[in-house]
Amino acid sequence: MEKAKRLLRLFLTFLKIGAFTFGGGYAMIALLEREIVAKKQWLTNDEFLDMTGIAEATPGPVAINSATYVGYKIGGVLGALLATLGVVLPSFSIIFIISLFFDAFLSLTVVTWAFRGIRAGVTVLILSAGIRLFARMEKTPLALVIFGAVFLTMLAISLFVLHFSSVFLLLFSGVIGLCAYAIRAIRKGDKS
Amino acid sequence: MILSLFLAFLKIGAVSFGGGYGMIAFVQETVLSHGWMTQEEFLNIIAVSESTPGPLAVNMATFVGASQAGFAGALAATLGVILPSFLLLLLIASLIGGLMKFAGVRAFLSGLRPAVVALVLATAFTMILSTAFGLSSLKEAPVFEATDLVLFLLIGGLALFFRLWKKKALSPILLIVISGALGILLSAIG
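Please read these numbers as outputs of a predicted model, since none were measured by experiment.

**Q** Explain helix H5 (residues 103–133) of chain B residue by residue, including any values.
**A** Since there are 3.6 residues in each turn of an α-helix, residues three or four apart along the chain are aligned in direction. All names here are of chain B. Spanning 31 residues, H5 covers 45 Å between terminal C-alpha atoms, matching the ideal 45 Å at 1.5 Å per step. Burial of H5 is extensive: 22 of the 31 residues sit out of reach of the surface. Gly 134 lies just past H5 and shows a positive phi near 65 degrees.

**Q** Any chance you could break down the domain arrangement of chain B for me, citing the residues and the numbers?
**A** Residue and element names in this part refer to chain B. If you check the domain split of chain B, you get domain 1 (2–144) and domain 2 (145–190). The C-alpha centroid of domain 2 is placed 25 Å from the C-alpha centroid of domain 1. If you look at the interface, domain 1 gives 9 residues, while domain 2 gives 8 residues. For the domain 1 face of the interface with domain 2, the top three residues by lost area are Ser 51, Ala 132 and Phe 144, together amounting to 54%. Along the contact surface separating domain 1 from domain 2 lie 0 residue pairs in polar contact (both at pLDDT 80 or more). Where the side of domain 1 that touches domain 2 is concerned, the elements lending two or more residues are helix H3 (39–51) and H5. Among the elements that make up the side of domain 1 that touches domain 2, the one with the highest residue count is H5 (4 residues). Its residues assigned to classes, the side of domain 1 that touches domain 2 shows 6 nonpolar, 2 polar and 1 charged.

Conventions adopted
Residues numbered from 1 in each chain as written. Chains lettered and ligands numbered in written order. Predicted model: local features only at pLDDT ≥ 70, side-chain atom pairs only at ≥ 80, totals over all residues. Heavy atoms only, no water. Helix = DSSP H or I, 4+ residues; strand = E, 2+ residues; numbered from the N terminus. Expected span 1.5 Å × (residues − 1). Buried < 20%, exposed > 50% of the residue type's maximum accessible area, 1.4 Å probe, protein only. Domains from an automatic or database assignment. Contact = heavy atoms within 4.5 Å. Buried area = accessible area lost by both parts, 1.4 Å probe. Polar contact = N/O pair within 3.5 Å; in protein donor to acceptor, adjacent residues only side chain to side chain. Nonpolar A, V, L, I, M, F, W, Y, C, P; charged D, E, K, R; others polar.

Here's what the structure looks like:
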């Protein structure tokens, strides 16, 4: 009984988080912290920081990653399932309903113009997210080289309409990071 | 169709790091290369996904899926984008102890992070070229319209002004609402 109540609260908490976060993973982290650490005290601050690091560093949407992780910590596999379902359900329903009317909606002139503005707005949003990420990025010479190379390659891919998946760029960059670490470790070994 | 939606979003869910903004680049690549949408339709979808609540990735998956194959498509794409993270995080949460303590893992991530930042900025840059200057690739002639450039400069200027004046970023939802209103306003004037 106690366990069922706990699982229900877990589901409802993540339903709320899913319904009230706008603008992607980074906005969600703030809401999660308030609900899960400050209000419900399901995780300590340190556990929350670990969770955030893992959710950001593993592939997939940060919101899904955090929901799965927190859900598992609190209610095992069933908890993970309920938390993930909770965080997804509101957006899935809203977007599905919008998509049904979207074409009719877009054929209105006013809407076309609104979306012309919104497209410019979204571009600005992504640009500013990119600038913020760059500002907080650790700027070692290696990181800057990787950044420059990936940036230019991506631009070339889209301007010349090349078919090359950016996934390989990411994996390749990770391997370069690994190689640089190995080289440093070998050099250190030579000196000592 | 349903299967290819599921597989495409499974791949997106499995390989995209760093949340929604990092994911936009992958989803864009996927829908354009499958011919599911044009660049313009895709930008509309991002706009809707941004201005509705919930994880950006789930919103995009639901929308792309629904536009291609109705409810089943929406379900397949959403399930696809969620499944890899769900399984991986379940594994990590149960094995938690010290994946981050391995120097190799940290070294790999130190190479990955700047690449993610570059991906986001490159996406922003190609979007500026296509929304503000009508240039979607060097193979096609640009379709330049001064209105779109004016819109971009106005909204960008507003975001910058707010940032410098209030010392914090304008909330995404407010920015979207203002952008839509500005678009309508410009149509009334022009």
